[in-house]
Protein chains: 2
Amino acid sequence: MAAPLKIAIAGLGTVGAGVIKLIDANRDLIARRAGRAVQVVAVSARDRNRDRGVDLSRFQWVENTVDLADVDADVIVELIGGSEGTALTLAERAMANGKAFVTANKAMIAHHGLALAQTAEAKGVALKYEAAVAGGIPVIKGLREGAAANAIERVYGILNGTCNYILTTMEAEGRSFDDVLADAQALGYAEADPSFDVDGIDAAHKLSILASLSFGTRIDFGAVVTTGIRQVLAGDIAQAKALGYRVRLVGRAENGEGGLLQSVQPCLVPVTHPLAHVAGAMNAVVAEGNFVGRLFFEGRGAGEGPTASAVVADLIDIARGELGPAFAMPVSALADPGHADAGARVGAFYLRFTVADRPGVLAEITAAMRDANVSIESLIQRGEAPDGGVLLVMTTHACPERQVTAALKALDGAAFMVGAPMLMPILDM
Amino acid sequence: MAAPLKIAIAGLGTVGAGVIKLIDANRDLIARRAGRAVQVVAVSARDRNRDRGVDLSRFQWVENTVDLADVDADVIVELIGGSEGTALTLAERAMANGKAFVTANKAMIAHHGLALAQTAEAKGVALKYEAAVAGGIPVIKGLREGAAANAIERVYGILNGTCNYILTTMEAEGRSFDDVLADAQALGYAEADPSFDVDGIDAAHKLSILASLSFGTRIDFGAVVTTGIRQVLAGDIAQAKALGYRVRLVGRAENGEGGLLQSVQPCLVPVTHPLAHVAGAMNAVVAEGNFVGRLFFEGRGAGEGPTASAVVADLIDIARGELGPAFAMPVSALADPGHADAGARVGAFYLRFTVADRPGVLAEITAAMRDANVSIESLIQRGEAPDGGVLLVMTTHACPERQVTAALKALDGAAFMVGAPMLMPILDM
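Reading the values: the criteria
Residues numbered from 1 in each chain as written. Chains lettered and ligands numbered in written order. Predicted model: local features only at pLDDT ≥ 70, side-chain atom pairs only at ≥ 80, totals over all residues. Helix = DSSP H or I, 4+ residues; strand = E, 2+ residues; numbered from the N terminus. Rg over C-alpha atoms; globule rule 2.2 N^0.38 Å. Buried ≥ 20, exposed ≤ 12 C-beta atoms within 10 Å, placed from the backbone. Contact = placed C-beta atoms within 7 Å. Axes fitted to C-alpha atoms, helices over the stretch in contact; angles between N-to-C directions. Parallel < 35°, antiparallel > 145°, perpendicular 65-115°, else oblique. Nonpolar A, V, L, I, M, F, W, Y, C, P; charged D, E, K, R; others polar. Least-squares fit on C-alpha atoms with pLDDT ≥ 70 in both. Pairing = 2+ DSSP bridges.

Description of the overall build of chain A
At step 1: Within chain A, the regular secondary structure consists of 13 helices and 17 strands.
At step 2: Relative to a compact globule of 429 residues, whose C-alpha radius of gyration would be 22 Å, chain A shows 24 Å and is just as compact.
At step 3: Seen through its C-alpha atoms, chain A measures out along the principal axes to roughly 80 × 45 × 35 Å.
At step 4: When the 429 residues of chain A are sorted by exposure, 56% land in the buried category.
At step 5: A separation threshold of at least 6 residues defines the contact pool for chain A, and within that pool the share at least 24 residues apart is 76%.

In structure tokens:
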């Protein structure tokens, strides 16, 4: 058997400790599958003395995390997080030193993945990030290799477990966003500052990575149209249910004639669609290939075990000598994505207005719809809104999104409007 | 860019022609992902003149299929089928000649996969078979690499699209097995001789391959306990539905203390389980790892496009130099699976009796259950059976399977029994 693959780990939070636990627990199995032992040799973290449930005395302790780049190791595993700072410096220094680099850092890959991949190519080392998207689900490998024979037409999914937990709990218990978020924070499912999750930024990081892999285009995180779930009301979920849909935060990317279109938005998902059955903190990804058809992957999207599973899968690949390009092809071969016009995307929509309870409101709204050439499929006027007024819900027939936004613009500032309207696409995939 | 990867294809049925169509359609994309062109150079099939919708004049035609092993190609792709004969001879000769070998042949891998893998190791060539299990779903790669960090505790799924099509059509339309099978044959979804599919043999081939990859054990196809779906009545599906279950042909493998247990059987799947939502000819695989938890993969399990997608994914891997061992580790590292006693497997069961409609029958059956220590959870006596008599359905509490089979044995030959009883496990996974 070949010499052990020597690993140094930066960051010993839940995931870092999980990687050590996994390597301890499955040591023999990993050696059989990797063809050699995978051995942690050095670690670095902020606090040396915190009890993490693992014995660190076996490993070299490195005080200054970026100095891990210089230890005698084959691979540096980065589990610190943050798109800049220590994580990025460590990545650059480690690869410059000829070491492979494995990370779970979706923000850093979304912002600097291409530059890092170029460094990896120049130095002939591996850059891997299976854990950065959808936790334990091997979706990076599934797209990069499993579906590699296909032109991928669309890729979409539920990419943030915190949002899915909040939405499915709101659905099951009929409670408000704020109420469920507070519980989720108390239980540790959501951060004290939840904005990265609930505003859709985390899902947008992941989507931009999936889009690059799927379409062979350069990562374009800045172009992801992102809306979070703060504006979703329990009433929206109830109305969607009555119409045969569930509300999910869906990241989706399509590479059409006009270029790449990437969005993260709460959407209405038909109950017959596999994404409608993704509950709690699970993640799921759908890829549609021109030969394979629809592939669906589901699993746990975060947490110690699933994330460690993805990190160690990357390590086993590296141990086996699998050093392919980070984005399936050299960075120079990635195409420049054009920017498609989101307004041109055709689909049906869910619209919810919170309006004053007085005569004539419905006539004004339907007139605005007619003027913008939006055809209404169903209309429900029901129930009191949380901020006073009445909830008025409608679904449209399929039309270009710009027609719906034009109607909303025409209604903007109308005296009867109690709160901002809510627009959600109806997933037709 | 490196020299093209030269391919020779044996067998030009639906899948063989599909591989050529895919390589034609996605040529540039494949070259970008593979780092080199993938180029068909030679083909062989029974009938040179049949119209397959692809231009064969570009390729060397080889009259005697096994002679493909000697053409100037890097990889031989075998799409003939059959566990012995031409396919096997070609595999051995191709690898003996130092060529990589890619196949969609589940029967050959189930029967001869280990011997072929040893030849591949000895010759230092790749042996790949992604298309052999679950069509376009990259589940071989998912288990061999994606979940490689985990000890897999159970692997199970819906592995035969024909059976799933028949069962879900019976469910949707309330029709009998024979009736739906005849339709499926007319539509080309089932073979004229459907026994490989409906008797569970095809699913058993695939399960034995998944078990080896999941547990790091030698393939043991002969030990798969296999029951097909011929005995499933429309009434079973209706009763199962009333109880909150759907009937699916489930292949499942567990590697417990007593050894490996592999079975292919119609099972009751709770409607809340992802497998209950797998409809029509789709396939799905669930793997449970000790760190990642439950992974779920779904997609099209057969047909031209999905199977070609899996074959070409293997070709791209080979083009990229990914030549790892066929069963994730060298054959010598695979453990010998013990045989667990299926009778010891604990679970709840569905039982259906077709009995004469006279007093005392229920007392005799429930007495036999009591004597075998089987506790009944629910009992429904309802409706006429197709062969006369009455359908009597019960579900048990969890108990070792041998207690239920003992009760059935005690009832064997009872005068009131109109037909053979039907026993289906209730999936508790």
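Focus: the packing of helix α3 (residues 85–96) of chain A against helix α4 (residues 106–123) of chain A
All names here are of chain A.
At step 1: α4 packs onto α3 with a crossing angle of 10° between their chain directions and a minimal axis gap of 9 Å. Here α3 lies roughly parallel to α4, going by the angle between them. Contacts from Ala 87, Leu 88, Ala 91, Glu 92, Met 95 and Ala 96 in α3 reach Met 108, His 112, Leu 116, Thr 119, Ala 120 and Lys 123 in α4.
At step 2: A breakdown of the residues in the contact of α3 with α4 according to their chemical character gives eight nonpolar, two polar and two charged.

A short note on the interface of chain B and chain A
Accessible area lost upon the coming together of the parts is a frequently used measure of interface size.
At step 1: Between chain B and chain A, the residue contacts involve 46 residues of the former and 46 residues of the latter.
At step 2: If you list the elements that add at least two residues to the side of chain B that touches chain A, you get α2 (27–34), α5 (139–146), β12 (293–300) and α11 (304–319) of chain B.
At step 3: Considering only residue class, the side of chain B that touches chain A consists of 23 nonpolar, 13 polar and 10 charged.

What about the relation of the copies chain B and chain A?
The second copy of the chain is related to the first by a rotation about an axis and a shift along the axis.
At step 1: For the pair chain B and chain A, the relating rotation is 180°, the translation along its axis is 0.0 Å, and the fit reaches an RMSD of 0.0 Å. Both copies of the chain, as the preceding transformation shows, are related through a two-fold rotation axis. Of the C-alpha atoms belonging to chain B, the one lying closest to the rotation axis is found on Phe297(B), 2.4 Å away.
At step 2: By residue overlap, the copies meet face to face through one surface: 100% of the interface positions of chain B are interface positions in chain A.

Some words on the pairing of strand β2 (residues 38–44) of chain A
All names here are of chain A.
At step 1: With five of its seven residues buried, β2 lies for the most part within the structure.
At step 2: As paired strands, strand β1 (residues 5–10) and β2 are joined by six bridges and run parallel to one another. Directly across from Ala 8, in β2, lies its bridge partner Ala 42.
At step 3: By the bridge criterion, two bridges tie β2 to strand β3 (residues 60–61) in an arrangement that is parallel. The residue of β3 that forms the bridge with Val 43 is Trp 61.

Quick word on the sheet that holds β1(A)
Residue and element names in this part refer to chain A.
At step 1: Overall, parallel pairing links the six strands, which are arranged β3-β2-β1-β4-β5-β6 in an open sheet. A single partner strand is all that each edge strand has here, and the edge strands are β3 and β6 (127–128).
At step 2: Strands in contact with α3 are β1, β4 (75–78), β5 (100–103) and β6; relative to β4, the strand with the most contacts, it is inclined by about 170°.

A word on the sheet that holds strand β1 (residues 5–10) of chain B
Residues and elements named next belong to chain B.
At step 1: An order of β3-β2-β1-β4-β5-β6 is seen for the six strands of this open sheet, with the pairing classed as parallel. The sheet is open, and its two edges are formed by β3 (60–61) and β6 (127–128), each paired on a single side.
At step 2: Sheet topology places β1 next to strand β4 (residues 75–78); four bridges connect them, and they run parallel. Paired with Ala 10 across the bridge in β4 is Glu 78.

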